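Structural description and commentary
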Amino acid sequence: MNDNPAVAVDLKNDLIPQLKTISAGESKLSSLALLLVTVVIFFSAGIVTARWQDIVVLIGVLLFHELGHLVAMKSLKYSDVKMFFIPFLGAAVSGKSLNDTATKSCVVSLMGPFPGIVAGVLLYFLFLMTQNYYVYKTAQVMLVLNALNFLPIMPLDGGRYIDVLFINRRYFRLFFALIGAIIFFLLAAAAKDIFIALLGLFTVYMALANFKLHGVSVDLKAEGIGAASVKDLLEDETALQAVVDKLRVRYPKLFSPQINYRGIFNQLTVIVDTIKFVPARLWSKTVLLMLYLVLLVASILVVFLFVMSNYREMPRTETINGKEVIFVERHAFGRKNIVCPVDEALRYHGKGTVFGFDGRITGTFYYENGYRTGEWQDLDNTGTLIKKKTYDRGKLLSVSQLENGQWKTRAYEDLSFPKKCFEEIQRISQPYKTNYKYFQN
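My aim in this report is to walk through the structure given alongside it, one point at a time. Predicted model, so just to flag it, every value in this text is computed and none were measured. (Residues numbered from 1 in each chain as written. Predicted model: local features only at pLDDT ≥ 70, side-chain atom pairs only at ≥ 80, totals over all residues. Heavy atoms only, no water.)

Within a regular strand, side chains alternate between the sheet's two faces. Within strand S5 (residues 335–342), seven of the eight residues are buried, which leaves the element mostly enclosed by the surrounding structure. A loop of two residues connects strand S4 (residues 323–332) with S5, the two strands running antiparallel in sequence, and phenylalanine 333 in this loop sits at a positive phi of about 55°. (Buried < 20%, exposed > 50% of the residue type's maximum accessible area, 1.4 Å probe, protein only. Helix = DSSP H or I, 4+ residues; strand = E, 2+ residues; numbered from the N terminus. Pairing = 2+ DSSP bridges.)

This paragraph deals with the packing of aromatic side chains. For the coordinates displayed, the defined rule picks out 24 aromatic pairs. Taken together, a centroid distance of 5.7 Å and an interplanar angle of 85° make the contact between phenylalanine 365 and tyrosine 367 edge-to-face. Using a relative accessible area of 5% as the deciding quantity, one classes phenylalanine 365 as buried. Here tyrosine 367 falls in the buried class, since its relative accessible area comes to 6%. We note arginine 170 situated over the ring of tyrosine 171; from NZ or CZ to the ring centre the distance is 5.9 Å. Sitting over the face of the ring of phenylalanine 211, arginine 170 holds its NZ or CZ atom 3.9 Å from the ring centroid. (Phe/Tyr/Trp six-rings, centres within 6.5 Å; stacked < 30°, edge-to-face > 60°. Lys NZ or Arg CZ within 6 Å of the ring centre and 35° of its normal.)

Sheet analysis places strand S11 (residues 395–403) next to strand S12 (residues 406–411), joined by six bridges and oriented antiparallel. Bridge pairing links glutamine 401 to lysine 408 in S12. Hairpin connection of S11 to S12: two residues between the antiparallel strands, including asparagine 404 at a positive phi of 55°.

The subject of this paragraph is the side chain of lysine 389. Here lysine 389 lies in strand S10 (residues 385–392). Ignoring anything within four residues of it in the chain, the contact list for lysine 389 reads Gly374, Glu375, Trp376, Leu396, Ser398, Val399 and Glu423. (Contact = heavy atoms within 4.5 Å.)

What follows concerns the packing of helix H5 (residues 113–130) against helix H14 (residues 417–428). For the pair H5 and H14, interaxial distance at closest approach is 8 Å and the crossing angle is 65°. Along the contact surface, H5 presents Leu126, Met129 and Thr130, while H14 presents Phe422, Ile425 and Gln426. Looking at the contact of H5 with H14 residue by residue, the class counts come to four nonpolar, two polar and no charged. (Axes fitted to C-alpha atoms, helices over the stretch in contact; angles between N-to-C directions. Nonpolar A, V, L, I, M, F, W, Y, C, P; charged D, E, K, R; others polar.)

Because each turn of an α-helix spans 3.6 residues, side chains separated by three or four positions end up pointing in the same direction. The terminal C-alpha atoms of H5 lie 25 Å apart, and with 18 residues this matches the ideal 26 Å at 1.5 Å per residue to within 8%. Those residues of H5 that sit buried are Pro113, Pro115, Gly116, Ile117, Ala119, Gly120, Leu123, Tyr124, Phe127, Met129 and Thr130. In the segment just after H5, glutamine 131 is the residue with positive phi, at about 60°. (Expected span 1.5 Å × (residues − 1).)

For the rest of this paragraph, the subject is the pattern of salt bridges. Applying the stated criterion across every chain, the model contains nine salt bridges. The partner of arginine 347 in a salt bridge is aspartate 343, and the shortest N-O contact between them spans 3.1 Å. The exposure class assigned to arginine 347 is partly exposed, which follows from its relative accessible area of 28%. (Salt bridge = Lys/Arg side-chain N within 4 Å of Asp/Glu carboxyl O.)

Turning to the packing of helix H4 (residues 102–110) against helix H7 (residues 157–165), a few remarks are in order. Relative to each other, H4 and H7 sit at 175°, their axes nearing to 9 Å. Considered as vectors, H4 and H7 are oriented roughly antiparallel to each other. Packed against H4, whose contacting residues are Ala102, Ser105, Cys106, Ser109 and Leu110, the element H7 presents Asp157, Arg160, Tyr161, Val164 and Leu165 at the interface. Of the residues in the contact of H4 with H7, the class split is six nonpolar, two polar and two charged. (Parallel < 35°, antiparallel > 145°, perpendicular 65-115°, else oblique.)

Turning our attention to the nonpolar core. Ranked by size, the top nonpolar core spans 45 residues in total, and within it Tyr124, Tyr136, Phe150, Tyr161 and Leu165 carry the most contacts. Taken together, the elements giving at least two residues each to this core come down to helix H3 (52–75), H4, H5, helix H6 (133–150), H7, helix H8 (170–191), helix H9 (194–222) and helix H13 (282–309). Among the elements that take part in this core, H6 stands out by supplying eleven residues, more than any other. In terms of nonpolar packing, the next biggest core, distinct from the first, is built from 29 residues, Val216, Val230, Leu234 and Tyr261 among them. (Core = buried A, V, L, I, M, F, W, Y, C linked by side-chain atoms within 4.5 Å.)

Read these as layout, nothing more, since geometry by itself doesn't imply function.
What follows is the structure in structure tokens.
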């Protein structure tokens, strides 16, 4: 006897038309959830502030991250691939695959954070050439955001990567998701941030919901019921009736006191995606796990080195001939590596000094109102001059190198193409100004 007080369900004239209407304007809640996680954590951790420049940097990095997912989906022949924009936040990507596999899903997950890590490293080297603070800031956000998304925590990209590899392990997936929720709760306690705690609660809710739906999917698959998409399921009334019957037993509140069409559609989406998903075989799962571990360790090491570099610019004032002169010191890895005076406009101006890891002078250089000028010298560990570069108003004229006791001089035109590109980037970045005020904030 069925005591379920749910109202009668008219598949043909009511439920199917309603679900088709919802399908036409399908929401992208999973992508939005990941986007919200990223934004909340970055503001909570103080990596970005409310300054409009920082917000523009964060939005740009998010767009780049999502573009990686979009390109991967397009390349793997996903259908209905869309990038949609969220005002003042960034973008998210959605798509569907009729023959979704663990390998394809893993590739899509990786292609968000992996290109971002590579771009972050390149941006940091670009900063060393241009000395532009917002190139540095973009590199910082790019590296931290994408390394964060590599972590094996749901609903981050790394968490999704691990989740799809164990799609058939119902209890493992529940345990794995709950571990992620615990991490959010610990972070919330450490940061005293209610928003991170809410993310933990959301993760718990999704873990329990997916655990329950996974059981429904397993039962339906055992009965030979399946579909390539929700749209296809809506065209098969027999299969849809079987699914609805299961949902009426497991989720009576979806049908009483009135039918929750949106709720039913969301459940159908998860069920169909779970049933049609092709899990990874042992050998491919092993390869994908090894690939993930290598990229995870590499991303953590890159961010660790970036954080350990602790690049800073610090001013100090000296009185020279009765006039106060500001000198800027650049520090990295806990040591001073460059000292140079600046003018009233905070442009580098005058003779600068380069220091090695042991504190010895390894070079000298000159700026005039922010432009490279005069002779730039490199010294070896004994203080011997080994290289000279000559500049005029920021443009490299020649390079002289001590080779086998003889000086060999090459004009700019004789340099290799990569070296010319390197010098050209530095030329157009002039005049150079100090960024110490940014580092003091």
